[in-house]
Amino acid sequence: MSVPKLNVADVAGLARLSLTPDETTKFSSQLSQILAHMETLGQIGTGDVPEVVPPAQPALRKDIPTPSLTVEAALSNAPAQSNDLILVPKIVE
Amino acid sequence: MSSSGNWEAVIGLEVHVQLRTQTKMFCGCINQYGGAPNSQVCPVCLGMPGSLPAPNEEAIRRTILTGLMFGCRIANVARFDRKNYFYPDMPKNYQISQFDDPLCAGGAVGLDPFLFPKDLQETDEAKAKRSIRLTRIHLEEDVAKSFHYEERSGIDFNRAGTPLMEIVSEADLRTAGEAFAFLGSLRQVLLSGNVSDADMEKGQMRCDVNVSVRPVGQKEFGTKVELKNLNSISGVRRALVYEIARQIAAVEKGEAIQHETRRWDDEAGATFTMRTKEKAHDYRYFPEPDLLPVRTDQGLRAAAESGLPELPAALQDRLMRENGVTAYQASVLAADRILCTYYEKAALGTQHKAVVANWILNDFLATQPEPASSPVRPEFFGELADLVAGGTINSAQAKKVFAELMANPSSPKALVEKLGLAQISDASALGVYCDEAIAANPRSVEDYRAGKGNAINALKGFVMKKSQGKANPAQVDEILKAKLSA
Amino acid sequence: MSLAHETLASLRRRLVAKEIHPRDIIKDLLAQIDAREKTVHAFTHLDGQAALATAEKADLSLPLGGLPIALKDNLNALGDPCTCSSKILEGYRAPYDATAVARLRQAGALFLGRTNMDEFAMGSSTENSALGVTRNPWDSTRIPGGSSGGSAAAVAGRLAIAALGSDTGGSIRQPAALCGCVGLKPTYGRISRYGLVAFASSLDQIGPLTRTVEDSALLLSALAGHDPRDNTTDLRKPETFLAKPTGSVKGLRIGLPKEYFLPGMNAETEASIRSAASWFEKNGATLVEVSLPHTPAAIAVYYILATAEASANLARFDGVRYGRRAVDPKDLLDLYQRTRSEGFGPEVKRRIILGTFVLSQGYSDAFYRKAQKVRGLLRQDFESAFTKCDLLLTPTSPEPAFPLGERTQDPLKMYLADVFTISTNLAGNGAISLPCGFTKSNLPIGLQLIGPRFGEETMLGAAHAFEQAHDFWKRMPPV
Ligand SMILES: [Mg+2]
Ligand SMILES: [Zn+2]
């Protein structure tokens, strides 16, 4: 496996980060170095290794209501609100 | 449905169905429509830092039940995955969904001929009883509801995190009518299992459509278009009729179909470009690390199995075979579980089950469309049918009793008495009436004896009039004949 | 002597005997903080008056009645800030209690101080904090380790009696080692993560930082047990860990993984660890060499999986429902991008980008899925090692505390600081770090004992025996 070409700006876009040109250059070189280190995994044979460990039976929640937050508490951290709705710039599809 | 015989449409549906549960998918907030904005939210469904999902057992059970009803394979071990994308209606900016190991895979939906649009029910496509394969059914969380203003949007998170089933069909559908019947048939089964109210108009069932066209006989699919904003089953049909015609017209003109998402405008009756798909989304699915895989083979599957209802197709069969109702009536009853339960209760105590079906489906529903809340006890219909069949009242009287039953519900027997309607079946009393009739109508007697069989009707009419309509007509007939031939 | 120098266990005895009142402890701690916090900067938030007020109402009949605990600033406590040492959580006040916090409250504990950390627990030096660096109480030119550097520095520096931290790849144990206190990372699933702001969900565990193993056991007893709000917590019934772990190491098989003793490792660290190993041998344990062959792959596996999970976990910080929001966003995309770019520091951005990349289309098989499989191998390594021994003994950190600023420009080198701790997070095992010596320049050295999954009992017993036979834990830092 060769070191993949990492387009930092593209990936940052997926993560909703906008980077300065400086950050882009710096992260590009740092991340390629890190990815080069990660490439070493390619040499480990994992043919029949299961990807996840066998599951335990998790405890599932019973369908019984529990109290919600008050509207006031729910909105107490909201940076912008009106009429008990949380406001954002207009969503356009 | 195609406007030209040389083209066929290829249609696949993705249907999102809100599950009926007490609480949300991953928290204990109530799952209920219509609360004040942001009054049914907690740290979990608001995606607060540090909160974690706790899966709702009942939602999982209902999804498995749905899978069982459609003949899906149920995964022994299912997993939840994160689907990553940013959107303000999604609190965590990832949706907990299922990707690699959904709860249900495969299965099929049989198209009920009577769930095609009325105008297509006599066509071959409706009678074909096709079966449409399902790809999968998985469980995920719903997003919040947004309201759009001039410059901003406001978000109410009450719906965020409510349990949602995604049912994905194979691209097996070929016509708009089939898509209509698919949604109706799907809904019928969902209702029978009581997993959802599945009302498209209320957003409890939401449908995205993928549609393309290709020359008949071609194997490859054409370029598909996704249709959004479909808010009713008939809307899906209209949108498809329009879109298929649009695509055929375009390719016949030599134009290429754009790979895009189009919005159905119900008022305009047309679809419009919403966005073109320049780049596929990269959802970066990966297993949800906050949740252990779900084992269904240690009780969950068995619990779902024990809740399996009689499926609509089997129910229709049984109603036709055992109760003698028509195929159409059976389909109507199977489509409405509440009505059907009411009917079955009504028919339970009588031999005359088909008669009861007629009463309920024709006369009763016209005045009382909500049988569940009707004050008319279902047993009354059986009683009424028995009164007619047993000769206590005749069918004309039965209509009077029925009207009274709707107005002042009480036992038909009591109503017959109250209205003074009981039929006179006492042979000696009827004999007196018959003697009077013979004495009063010598002409008719003569005619009858001369071989004019119809002449007896005048005598019968005389008896009915004398008895104020209470005489048992069958008995009167017998007595008159006996007396006249004596 | 100031009560700030005592342990939870000793304070508890004195409180119950009515020799002291909870307010006395808070007052002594506040005096210490007054004198030393300027230098150490262990806290991001302090409310002495509130702590004194709750001290008046303390219920001494409860197991932790009246005992003050400091909380890492990534644990939600109702009404308090929870910044994760990030600008993006400016102004946020927790609308709920983390389960760990609620359990301590129910056990009667008081809270004093929220401790500094690497932003969102991403780092090994507490230098990645938007709220200032924390300094090592043993040498203020050096880092305290991280990411729970504030908790470790507070406990070691006598600014707190005990603290909670979180450990994703060594974030409790490494700072404990570098500051000379006891740090316990329990088995994954032992303590509920509900209310701990997630870094990497499949690796994170909450755990105590204390001066003694006994205190560690005391807090573990209060914290452990299934929580219906955390699906990954273990279902076994709650255990009480001995308030005073039993002290013999006789008959224990102690495994020394050969991959943890490499040529060229820090000589003073190696000497200390070897001498700790001989102490165990002299006291009746047997030493066995074991192998954890996939150890060299652990860093790569860790940084793939941890960043992948983090890239999703940190997506919720978008300026919509809480925290910082960019001023006057021109549209939704601008709101997201500026909020996140202004709100996150460079290490967080770096890891989000890395994690987004390893999950992206075309790369997730080679990175994310491959790493999951190698993680399976690492787990198998531990399982087979524990057929040959009862505990593993290793250094906690390859070297003592390094100078501030030394590695901030070299993330890969910084990542290598976690080489001895991350495998246990990947395998899910519990591990404890405790002081086992000092360098010539008087910097603490930490010993790590790793147990089989849910083997805390044995681990705490052995650690306690070692601790009590030495006086490393009693030494006072100079700062
Ligand atoms: Mg979906
Ligand atoms: Zn909720």
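These numbers come from a predicted model, not from an experiment. (Residues numbered from 1 in each chain as written. Chains lettered and ligands numbered in written order. Predicted model: local features only at pLDDT ≥ 70, side-chain atom pairs only at ≥ 80, totals over all residues. Heavy atoms only, no water.)

(A) Spotlight on the interface of chain A and chain C. Listed as interface residues are 47 residues of chain A and, on the opposing side, 55 residues of chain C. Roughly 4,500 Å² of surface becomes buried between chain A and chain C when both sides are summed, with 70% attributable to carbon and sulfur atoms. Counting across the interface, chain A meets chain C through 1 salt bridge. Note that A:Glu23 is salt-bridged to C:Lys349, the shortest N-O span being 2.9 Å. Scanning the region where chain A abuts chain C turns up 11 residue pairs in polar contact (both at pLDDT 80 or more). Tallying contributions element by element places helix H2 (residues 21-38) of chain A first for the side of chain A that touches chain C, with 10 residues. For the side of chain A that touches chain C, the class distribution of residues is 31 nonpolar, 10 polar and 6 charged. (Contact = heavy atoms within 4.5 Å. Buried area = accessible area lost by both parts, 1.4 Å probe. Salt bridge = Lys/Arg side-chain N within 4 Å of Asp/Glu carboxyl O. Polar contact = N/O pair within 3.5 Å; in protein donor to acceptor, adjacent residues only side chain to side chain. Helix = DSSP H or I, 4+ residues; strand = E, 2+ residues; numbered from the N terminus. Nonpolar A, V, L, I, M, F, W, Y, C, P; charged D, E, K, R; others polar.)

(B) Just the coordination of the magnesium ion (ligand 1), in detail. Residue and element names in this part refer to chain B. His16 (NE2), Glu140 (OE), Glu140 (OE) and Glu166 (OE) make up the full set of protein donors to the magnesium ion (ligand 1), lying at 1.9 to 2.8 Å. Each donor residue of the magnesium ion (ligand 1) lies on the same chain, and together they follow the pattern H-x123-E-x25-E. You can see His16 sitting in strand S1 (residues 7-18) and its partner Glu140 sitting in strand S8 (residues 131-141), a full 124 residues away along the chain. The same class applies to His16 as to Glu140, namely buried. (Donors = N, O, S within 2.8 Å, 3.2 Å for Na, K, Ca; no water. Buried < 20%, exposed > 50% of the residue type's maximum accessible area, 1.4 Å probe, protein only.)

(C) Structural context of the confidence of the model for chain B. Scored by pLDDT, chain B has a mean of 92; 99% of the residues are at 70 or more. Overall fold confidence for the complex sits at a pTM of 0.91, while the interface term, ipTM, reaches 0.97. (pLDDT = per-residue confidence, 0-100.)

(D) Local environment of the pairing of strand S15 (residues 270-276) of chain B. All names here are of chain B. Bridge count for strand S14 (residues 260-265) against S15 is 6 bridges, and the pairing is antiparallel. Within S15, the position partnered with Glu260 by the bridge is Thr276. Once S14 ends, the chain turns through 4 residues before running back antiparallel as S15, passing Gly269 with a positive phi of about 65°. (Pairing = 2+ DSSP bridges.)

(E) Seen up close, the sheet that holds strand S5 (residues 182-185) of chain C. All names here are of chain C. Here 11 strands make up an open sheet; going across it, the order is S1-S3-S2-S4-S6-S5-S10-S11-S9-S7-S8 and the pairing mixed. Each edge of the sheet is formed by a strand with only one pairing partner; in this case those strands are strand S1 (43-45) and strand S8 (286-290). Each neighbouring strand pair of the sheet contributes to a mean axis angle of 35°, computed without reference to strand direction. The strands touched by helix H2 (residues 22-40) within the sheet are S1, strand S2 (68-72) and strand S3 (110-115), with S3 carrying the most contacts at an inclination of about 15°. Set on the sheet, helix H4 (residues 99-106) makes contact with S2, S3, strand S4 (163-167) and strand S6 (205-210); between it and S3 the angle comes to about 150°. (Axes fitted to C-alpha atoms, helices over the stretch in contact; angles between N-to-C directions.)

(F) Inspection of the nonpolar core at higher detail. By size, the foremost hydrophobic cluster in this structure holds 169 residues, and its most contacted members are B:Phe182, B:Leu183, B:Leu190, B:Val209, B:Leu240 and C:Phe120. The dominant element in this core, judged by the number of residues it contributes, is helix H9 (residues 298-313) of chain C, at 12 residues. If we skip the residues at most four places from it in the chain, B:Val209 touches B:Ile11, B:Gly12, B:Leu13, B:Val225, B:Glu226, B:Leu227, B:Leu230, B:Val236 and B:Leu240. In terms of nonpolar packing, the next biggest core, distinct from the first, is built from 103 residues, C:Leu64, C:Val101, C:Ala107 and C:Ala217 among them. (Core = buried A, V, L, I, M, F, W, Y, C linked by side-chain atoms within 4.5 Å.)

(G) A look at the interface of chain A and chain B. On the chain B side, the residues contacting the 32 residues of chain A number 52 residues. Counting each side, the surface lost to burial between chain A and chain B is near 3,600 Å², with a carbon and sulfur contribution of 60%. Counting the surface chain A buries against chain B, the share from its top three residues, A:Arg61, A:Asp63 and A:Ile91, is 20%. The interface formed by chain A and chain B contains 1 salt bridge. As a salt-bridge pair, A:Lys62 and B:Glu57 come within 2.5 Å of each other at their nearest N and O atoms. Applying the counting rule to chain A against chain B returns 19 residue pairs in polar contact (both at pLDDT 80 or more). Breaking the side of chain A that touches chain B down by element, the ones donating at least two residues are helix H3 (71-75) and strand S2 (85-89) of chain A. Residue contributions to the side of chain A that touches chain B peak at 5 residues, all from S2(A).

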